Amino acid sequence: MIRAAAKNSEVRESTAAVPVLLSELRPGDTAILHGFHLDRREAALLEAIGLTLGCELRVCKAGEPAIVQARSTRVALAAAVARGLHVVPRALIA
Amino acid sequence: MSPSPPVTRFALLGNPNTGKTTLFNRLSGLRAKTGNYPGITQDARRAEFRANGTRFEIIDLPGAYSLHIDTPESIFDKKLLGGDAGVPPEPDGILLIVDAGNLARNLVLVAEALTFRKPAVLLLNMIDLAEAAGLAIDRAGLERRLGIPVIAGNARTGAGIDRLADALARAQPCAAPLEFADHAARSAWADRLAEEFGRRVPGAGSRRERLTDRLDKFVTHPVLGALCFIAVMSALFVVIFRVAEWPMSAIETIFASAGAWLARVLPPGAAADLVAGGVVSGIAGTVVFLPQICLLFFLLSLLEDTGYLARAAFVANRLLRRFGLPGQAFVPLLSSHACAIPGILCTRLIPDRRDRIATILVAPFMSCSARLPVYVLLIGLLFADNALAAGVAFASCYLLGAAAALASALVARRTILRGKSPPMVLELPSYKVPSLRTALVTMFERGWLFLRNAGTAILAICVVMWWLSTYPIAERSAAVAAMHAEAEALAAAAPEEAAELRRAAALAESKDALAHSFAGRLGHAVEPALAPLGFDWQIDIAVLTSFLAREVFVSSMAVILGTGAEAAAEGDSGILGAVGKARREDGSPLFTWATAASLLVFYVLAMQCLPTLAVTRRETGAWKWAALQFGYMTALAYLAALATFQGLRWFGVE
């Protein structure tokens, strides 16, 4: 279970299991967004952009930046942000 | 006369990249007014349009993803919708624009906006693109569910926009209150609605997605992306400078002719001098940069519309982050090569306040167009017979400015603007063919804003400078009077000699007048402080007068050396020749090699632009940043020029 590392950190999770870091996925992988381990403001911005807990992400490009697609929104994320997103790969759910 | 129809004021609200600006431009044409509100560095453009006998006013709000997050756009939009922004009356209704192809995410903001219980209309924008991507939206069903008029169309092509006025006239508040516990609940509602009313054909759009994937992989690649970025930005730079050359030289010619004509037709006296010497040159000095400003914003608008700029920000981020600046700082820094004012206005793209202030502080280090005449003059003096060395010197000036900007940004971020910057998160808009209409409207608006902001200040500066260098009027000296008397005596016997003597007398008289003027006295007063840099009082006057606008340096030198009219007729070479021959009071050359090099370094680094300081104050919301920018850049320029002059002399270069 991931815990808050700092006072202002946002640690929120959905109930699914076996999360990995988004930065560990490869292009073409799909996953369910499981939790944020980010600054509260960053987490709120990501949710507003459309990366909400439980949504499905498709990795379009890995690395710096990582590019993911959630619903019809394509978002580029600095590697530091990709390391703060916990996801459950679709392959593991299946 | 019938009374004018009542205004119905609608706030235009939407997520970024939904075509909000395109819709606003289509509705308003060129009639928009941009207002900046006290304490909030956000613009809300306003425009009126008339349809079906009703006058509508549209307020274009900054694009926001949500009204409940801590970003300047969200805070501003929420305040304005609630009538709490310290701005003119709150809107009567809300015109919501959503990207039809991204319904679920966009409906979250719709739900938030509808809680204000104002009459609302929803435009499903880019419906044709959504349909082409395999999405079938039940517009009527969505309209019934939300209880507000829903229009489908495309602001870029104008399809469906004719129905908007009618929809605005029958707008009503959402019947069912949409209160949610949190963002997750609102998002879940939006997801359900998008699924219910937006049916996606399985597999549709995947080819486009694959193409976008490939393009994104290329343009954000560490090596290929960087090469693509350099190519695009170089092309932008070349077009701005090359294409703008023609209108710029045409503008210079027109104003030079106008000044000469006014000097001929106006009765001689102070008024004629003011108009021909102060007002016309002041307007010319501003308008000459207009082609570059217009081209810059036209091309940036096209580039932004293609979807490339958001990707380019990530490429630039790799370099700029090492210096404490975000990737989004690249466009403002690039723009500052044309003029720091639009560059600073572009910093609104930067979400983090510390990043934004750091970019604003260092933007004027980039060599702007106003420095070009000074570079031409001084590099012409330094390397008169060596085109290659002159070219290298030009490039070095640009590099020195850019290096000073990056190093200063690093210092600022490690001292006064210390703190962690948020890592970059950017929505990547889809690749599109850019809208020419939007680019043209942006170009006209930005051009007008530049003329209004910078033009008025530069014009006032030129008038003040003319006054300072003209008054108090000096009595004719005995030596000049003797030269005139001698010329009179020689007039009949040797007319050519007499004419030469009159010219020499006029030159001596103009130098006497300047030395006696307020500007001349000021030049003498500061001479001890600037002498270690190799400047004498004549150069000091030009430096002081060009503090307000650096391009004034060349015309000031022309006035100081009494070559104004001749130089204007002969172009730069006229001023260059006069400056090369100019002497100090002790008879030594005014511009030694070391003095010219020191002055060049000073102009690369000095903050000599009052309009830029005014814009810095406006964009940062505090005079302290403008004062810091001025103090820091001036001190750095002084020290660098001092080191250049004294260093060259130490090595035996005079």
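Conventions and cut-offs
- Residues take numbers from 1 onward in each chain, read along the sequence in its written order.
- Starting at A for chains and at 1 for ligands, labels are handed out in the order in which the entities are written.
- pLDDT decides what is reported in this predicted model: residues at 70 or higher carry local features, side-chain atom pairs at 80 or more are listed and counted, and totals for whole chains, interfaces and linings draw on all residues regardless.
- Values shown for side chains rest on all heavy atoms present in the structure; no hydrogens or waters enter the calculation.
- Where helices and strands are cited, they refer to DSSP runs of H or I of at least four residues and of E of at least two residues respectively, numbered from the N terminus.
- Burial classes follow relative accessibility: with a 1.4 Å probe on protein chains only, a residue under 20% of its type's maximum area counts as buried, one over 50% as exposed, and anything between as partly exposed.
- The criterion used for residue contact is that any of the two residues' heavy atoms lie within 4.5 Å.
- Shrake-Rupley sampling with a 1.4 Å probe provides the accessible areas, and residues are treated as covered by the protein chains on show and by no other component.
- A 1.4 Å probe defines the accessible area here, and the buried area is the portion of it lost by two parts on being joined, summed over both.
- Between Lys or Arg on one side and Asp or Glu on the other, a salt bridge is scored when a side-chain nitrogen of the former is within 4 Å of a carboxyl oxygen of the latter.
- Pairs of N or O atoms are called polar contacts if they sit within 3.5 Å, as long as, within protein, a hydrogen donor faces a hydrogen acceptor (for residues adjacent in sequence, only side-chain-to-side-chain pairs).
- Here the nonpolar core consists of buried residues drawn from Ala, Val, Leu, Ile, Met, Phe, Trp, Tyr and Cys, with membership extended through side-chain atoms lying within 4.5 Å.
- For two strands to pair, DSSP has to find at least two bridges joining them.
- Two aromatic rings, drawn from Phe, Tyr or Trp (for Trp, its six-membered ring), form a pair once their centres lie within 6.5 Å of each other, and the interplanar angle then sorts them: stacked below 30 degrees, edge-to-face above 60, tilted otherwise.

1. Regarding the overall build of chain B
Thought 1: Helix and strand content of chain B: 28 helices and ten strands.
Thought 2: The buried share among the 654 residues of chain B stands at 52%.
Thought 3: Contacts spanning at least 24 positions in sequence make up 74% of the contacts within chain B whose residues lie at least 6 apart.
Thought 4: With the model as given, the accessible surface of chain B reaches about 28,600 Å², and the carbon-plus-sulfur share is 64%.

2. Details of the environment of Ala-542 of chain B
Thought 1: In this fold, Ala-542 of chain B is placed in helix H22 (residues 537-545).
Thought 2: When the C-alpha positions of Ala-542 of chain B and Ala-558 of chain B are compared, they lie 9.3 Å apart, and in sequence the two are 16 residues distant.

3. Quick notes on the interface of chain B and chain A
Thought 1: Each partner contributes to the interface: chain B provides 29 residues, whereas chain A provides 27 residues.
Thought 2: When chain B packs against chain A, close to 2,500 Å² is buried across both sides, 57% of that on carbon and sulfur atoms.
Thought 3: Looking at the side of chain B facing chain A, the largest losses of area belong to Asp-213, Pro-423 and Val-425 of chain B, adding up to 20% of the total buried there.
Thought 4: Our count for the chain B to chain A interface comes out at six salt bridges.
Thought 5: Taking the shortest distance from any N to any O, the salt bridge between Arg-74 of chain A and Asp-216 of chain B comes out at 3.0 Å.
Thought 6: The interface formed by chain B and chain A contains 15 residue pairs in polar contact (both at pLDDT 80 or more).

4. As for unusual backbone geometry
Thought 1: Note the cis peptide between Glu-64 of chain A and Pro-65 of chain A, where omega equals -5°.
Thought 2: Assignment of secondary structure puts Pro-65 of chain A in the loop between strand S4 (56-61) and strand S5 (66-70).
Thought 3: One non-glycine residue, Asn-17 of chain B, lies in the positive phi region at around 65°.
Thought 4: Turning to its location among the elements, Asn-17 of chain B is positioned in the loop between strand S1 (7-14) and helix H1 (20-28).
Thought 5: Phi is positive for Met-126 of chain B, close to 55°, though the residue is something other than glycine.
Thought 6: Tracing the chain through its elements places Met-126 of chain B in the loop between strand S6 (120-125) and helix H4 (127-132).

5. Points about the nonpolar core
All names here are of chain B.
Thought 1: Core analysis: the largest hydrophobic core is formed by 109 residues, its most contacted members being Phe-553, Phe-591, Leu-599 and Phe-602.
Thought 2: In contact with Phe-553, not counting residues within four places along its chain, are Val-374, Leu-377, Ala-542, Val-543, Ser-546, Leu-599 and Tyr-603.
Thought 3: Counting 41 residues, the second-largest nonpolar core is a separate cluster that includes Leu-103, Ala-104, Ala-111 and Leu-193.

6. Observations concerning the pairing of strand S5 (residues 93-99) of chain B
Residues and elements named next belong to chain B.
Thought 1: Of all seven residues in S5, seven are buried, a share of seventy percent or more.
Thought 2: Alternating positions in S5 separate into two faces, Gly-93, Leu-95, Ile-97 and Asp-99 on one and Ile-94, Leu-96 and Val-98 on the other, with burial throughout.
Thought 3: The sheet contact formed by S5 and S6 spans six bridges and is parallel. Opposite Val-98, over in S6, you have Leu-124 as the bridge partner.

7. Considerations on the packing of aromatic side chains
All names here are of chain B.
Thought 1: In total, this model carries 14 aromatic pairs over all chains according to the counting rule given.
Thought 2: Here Phe-365 and Tyr-632 contribute two aromatic rings whose centre-to-centre distance is 6.1 Å and whose plane-to-plane angle is 90°, an arrangement assigned as edge-to-face. In this pair, Phe-365 is assigned in the loop between helix H15 (353-362) and helix H16 (372-382) and Tyr-632 in helix H28 (residues 623-650), connecting sequence segments 267 residues apart.
Thought 3: Overall, the relative accessible area of 0% leaves Phe-365 in the buried class.
Thought 4: Residue class for Tyr-632 comes out partly exposed when judged on its relative accessible area of 35%.
Thought 5: Relative to Tyr-603, the ring of Phe-602 lies with its centre 5.9 Å away and its plane at 75°, an arrangement referred to as edge-to-face.
Thought 6: The rings of Phe-535, Phe-553, Phe-602 and Tyr-603 are connected pair by pair, giving a single aromatic cluster.

8. Quick notes on the side chain of His-183 of chain B
Thought 1: Within the secondary structure, His-183 of chain B is located in helix H7 (residues 183-197).
Thought 2: A distance of 3.2 Å separates a polar atom in the side chain of His-183 of chain B from the backbone oxygen of Glu-47 of chain A.
Thought 3: Those residues in contact with His-183 of chain B that sit more than four places away from it in its chain are Glu-47, Ala-48 and Thr-52 of chain A together with Val-108 and Glu-112 of chain B.

9. Thoughts on the environment of Gly-577 of chain B
Thought 1: Turning to its location among the elements, Gly-577 of chain B is positioned in helix H25 (residues 572-581).
Thought 2: It is 9.8 Å that separates the C-alpha atoms of Gly-577 of chain B and Leu-377 of chain B, two residues lying 200 residues apart in sequence.

Just distances and angles here, no functional claims.
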